[in-house]
Amino acid sequence: MPTTAPGARVPHARLEQDGHALSTLDLVEGLGFALLTGVGGEAWHTVADDLTTRTGVHVDVHVIGGHRPGDLADPLGEWADQREVGTSGAVLVRPDRHVAWRAPEWSAPEAAKLCADFDRILAVSPLHPHQTGDRS
């Protein structure tokens, strides 16, 4: 049964972008992460940009179900049936196309959880407040 539970492979869903067919599996490129959201989840762009800037690991945001240029259409409703999060929620997909994290809806606390969990996923820890990063 397809699921977006963390640890599972992201489910395949047929999508369209600017008239071209593609799959949810095509949304992860190289060594970057993909954050899949729906209409109402545009605020995830800011979080993804902050994560990319802070960690150096690219996080692409893909809005599925929108009607603006560049948005991904879900013409058969396959992603809507499989996403297991609301339209403002998000599913974070690792470079190996497995789900790393998900949030049921957009909220500031969920965004903070993503930031903390992303550090754990990458196995990084912030410097202690008294450290400067200079180890000379």
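Residues numbered from 1 in each chain as written. Predicted model: local features only at pLDDT ≥ 70, side-chain atom pairs only at ≥ 80, totals over all residues. Heavy atoms only, no water.

Draft legend 1. Representation of the pairing of strand S5 (residues 90-93). A two-sided burial pattern is seen for S5, the buried positions comprising Ala90 and Leu92 on one face and Val91 and Val93 on the other. In the sheet, strand S3 (residues 33-38) pairs with S5 via four bridges, with the strands oriented antiparallel. Residue pairing in the sheet places Thr37 in a bridge with Ala90 of S5. For S5 and strand S6 (residues 99-103), the ladder comprises four bridges, and the chain directions are antiparallel. Of the residues in S6, the one forming a bridge with Ala90 is Ala103. Between S5 and S6, which follow one another and run antiparallel, lie five residues, and Arg97 among them has a positive phi close to 70 degrees. (Buried < 20%, exposed > 50% of the residue type's maximum accessible area, 1.4 Å probe, protein only. Helix = DSSP H or I, 4+ residues; strand = E, 2+ residues; numbered from the N terminus. Pairing = 2+ DSSP bridges.)

Draft legend 2. The arrangement of the nonpolar core in detail. Counting 17 residues, the largest nonpolar core has Leu35, Trp44, Val59, Leu92, Trp101, Leu114 and Phe118 as its most contacted members. Broken down by secondary-structure element, the contributors of at least two residues to this core are S3, helix H1 (44-55), strand S4 (59-64), S5, S6 and helix H3 (108-122). When residues in this core are grouped by element, the largest group, four residues, is from H1. In contact with Phe118, other than residues within four places in its own chain, are Phe33, Leu51, Thr55, Val57, Val59 and Leu92. Grouped together as the second largest cluster of nonpolar side chains are 15 residues, Leu15, Leu22, Leu27 and Ile64 included. (Core = buried A, V, L, I, M, F, W, Y, C linked by side-chain atoms within 4.5 Å. Contact = heavy atoms within 4.5 Å.)

Draft legend 3. View of the sheet that holds S6. An order of S4-S3-S5-S6 is seen for the four strands of this open sheet, with the pairing classed as mixed. In this open sheet, the two edge strands, each paired with only one partner strand, are S4 and S6. For this sheet, the mean angle separating the axes of adjacent strands, direction not counted, is 20 degrees. Against the sheet, H1 contacts S3, S4, S5 and S6, and its axis sits at roughly 165 degrees relative to S4. Where H3 meets the sheet, it contacts S3, S4, S5 and S6, and its direction lies at approximately 165 degrees from that of S6. (Axes fitted to C-alpha atoms, helices over the stretch in contact; angles between N-to-C directions.)

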